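# Examination of the molecular architecture
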Amino acid sequence: MQPDKPSNWNLPNVLTSLRILFIPIFAWLVLSERWWWAFGLFAALMITDKLDGDIARARGLITDFGKIADPIADKLLTGTALVLFSLLGELWWWVTIVILVREWGITLMRFVVIRYGVMPAGRGGKLKTVLQTVGIGLLLLPLAPLVGGWWPWAGWVVIGAATVLTVLTGLEYVKDAWVLRRDALAAQRGA
């Protein structure tokens, strides 16, 4: 007998949904240059990202909705931040475009290959997310007047490292998807 699937109406999915709902408020805070509030909201939203995953795993509340909505919420939040930084002239557009094309491309690819199996996030992908988050957080903090002109450079360096890792892990995910599809088709032919 198969165990009952958890309801989509659970705390981790509520936290994920709230993260999505708060993205327009985050965007407004950035555009109105309320940097401390924007940083605080960004930090809170990223904490809920960690929290919802921990709760879902600990309490057996992993759902198909959560598997899809959680990474989309992450990409919407970080993508919004990157686009806003580019609009404000704080980040080169090519960096934003490279990261967004990779993020949404890999997300679409996962939907295409899901019939062959699930592609879990690897360590490189998790590190990429941490670097993106830290870089965005550093760029949001309005500390340059307090600590000097070097402060934005810290954010740009971390975003640069995140960009390199974003591309490398993207290539790794494409290879993994190809292997997953190849092996699934070989198993189907052998069956």
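Refer to the preceding data block for the structure.
To start, this report covers the structure provided alongside it. (Residues numbered from 1 in each chain as written. Predicted model: local features only at pLDDT ≥ 70, side-chain atom pairs only at ≥ 80, totals over all residues. Heavy atoms only, no water.)

### Quick look at the overall build of the protein
Looking only at helices and strands, one finds seven helices and zero strands in the protein. Start at the N end of the protein and walk to the C end: the helices and strands fall as α-α-α-α-α-α-α. When the backbone C-alpha atoms are referred to their principal axes, the protein occupies close to 65 × 35 × 20 Å. Going through the 191 residues of the protein one by one, you find that 41% of them count as buried. Partitioning the contacts of the protein with sequence separation of at least 6, the portion at a separation of at least 24 is 75%. Just so you have it, the protein exposes about 11300 Å², and 71% of that area is on carbon and sulfur atoms. Distance between charge centroids for the protein: 6 Å, based on 18 positive and 13 negative side chains. (Helix = DSSP H or I, 4+ residues; strand = E, 2+ residues; numbered from the N terminus. Buried < 20%, exposed > 50% of the residue type's maximum accessible area, 1.4 Å probe, protein only. Contact = heavy atoms within 4.5 Å. Areas by Shrake-Rupley, 256 points an atom, 1.4 Å probe, with all protein chains shown as cover. Lys, Arg positive; Asp, Glu negative; His and termini not counted. Charge placed at Lys NZ, Arg CZ, Asp CG, Glu CD.)

### Some details on the packing of helix α2 (residues 35-59) against helix α5 (residues 123-140)
Two numbers describe how α2 lies on α5: the axes approach to 9 Å, and their chain directions differ by 160°. When the axes of α2 and α5 are compared, the pair comes out roughly antiparallel. Viewed along their axes, α2 and α5 form a crossing whose handedness is left-handed. Of the residues in α5, those touching α2 at Trp35, Ala38, Phe39, Phe42 and Met46 are Thr133, Ile136, Gly137 and Leu140. Looking at the contact of α2 with α5 residue by residue, the class counts come to seven nonpolar, two polar and no charged. (Axes fitted to C-alpha atoms, helices over the stretch in contact; angles between N-to-C directions. Parallel < 35°, antiparallel > 145°, perpendicular 65-115°, else oblique. Left-handed = near helix turned anticlockwise from the far one by under 90°. Nonpolar A, V, L, I, M, F, W, Y, C, P; charged D, E, K, R; others polar.)

### Examining the side chain of Asp52
Summarising the element assignment, Asp52 is placed in helix α2. A polar contact is formed between the side chain of Asp52 and the side chain of Arg19, at a distance of 2.8 Å. Setting aside anything within four residues of it in sequence, one finds Asp52 in contact with Pro12, Leu15, Thr16, Arg19 and Asp70. (Polar contact = N/O pair within 3.5 Å; in protein donor to acceptor, adjacent residues only side chain to side chain.)

### A closer look at the layout of surface pockets
Approximately 1400 Å³ is the volume attributed to the largest pocket. Looking at the largest pocket, it is lined by 46 residues, and the ones nearest its centre are Lys67, Asp70, Pro71, Asp74 and Ala121. If you list the elements that add at least two residues to the lining of the largest pocket, you get α1 (11-31), α2, α3 (64-87), α4 (93-113) and α5. In terms of residues, the lining of the largest pocket owes the most to one element, α3, which gives 10 residues. A breakdown of the residues in the lining of the largest pocket according to their chemical character gives 19 nonpolar, 12 polar and 15 charged. (1 Å grid on protein atoms, 1.4 Å probe; cavity = no way out; pocket = protein on both sides within 12 Å on 5 of 7 lines; lining within 4 Å. Points joined across faces, edges and corners; volume = space filled by probe spheres on them.)

### Remarks on the packing of aromatic side chains
Within this structure, the stated rule accounts for three aromatic pairs. Relative to Phe42, the ring of Phe26 has its centre 5.8 Å away and its plane inclined at 35°; by these criteria the two rings are tilted. One end of the pair, Phe26, is in helix α1; the other, Phe42, is in helix α2, and 16 residues separate them in sequence. Across the pair, exposure class does not vary: Phe26 and Phe42 are buried alike. Summarising the aromatic geometry, the rings of Trp92 and Trp94 are spaced 6.1 Å apart at their centres and angled 20° between planes, so their arrangement reads as stacked. For the pair shown, Trp92 and Trp94 are each scored as exposed. For the cation-ring pair, Arg110 lies above Tyr173, with the distance from its terminal atom to the ring centre recorded as 4.9 Å. (Phe/Tyr/Trp six-rings, centres within 6.5 Å; stacked < 30°, edge-to-face > 60°. Lys NZ or Arg CZ within 6 Å of the ring centre and 35° of its normal.)

### Some thoughts on the pattern of salt bridges
For the structure shown, the criterion picks out 11 salt bridges. Linking Lys175 and Asp176 is a salt bridge whose minimum nitrogen-to-oxygen distance equals 3.6 Å. A residue is classified by how much of its surface remains accessible, and Asp176, at 30% relative accessible area, is partly exposed. Beyond isolated ion pairs, a larger network of salt bridges with shared partners links Arg19, Asp49, Asp52, Asp70 and Asp74. (Salt bridge = Lys/Arg side-chain N within 4 Å of Asp/Glu carboxyl O.)

### So, a nonpolar patch on the surface
On the surface, Leu11, Val14, Leu18, Leu21, Phe22 and Ile25 cluster together into a nonpolar patch covering about 490 Å² of accessible area. Along the chain, Leu21 falls in helix α1. In this structure Leu21 comes out as exposed when scored by relative accessible area, which is 60%. (Patch = residues over 30% accessible without salt bridge, like charges linked within 9 Å, V, L, I, M, F, W, Y side chains within 5 Å.)

These values are about where atoms sit, not about what they do.
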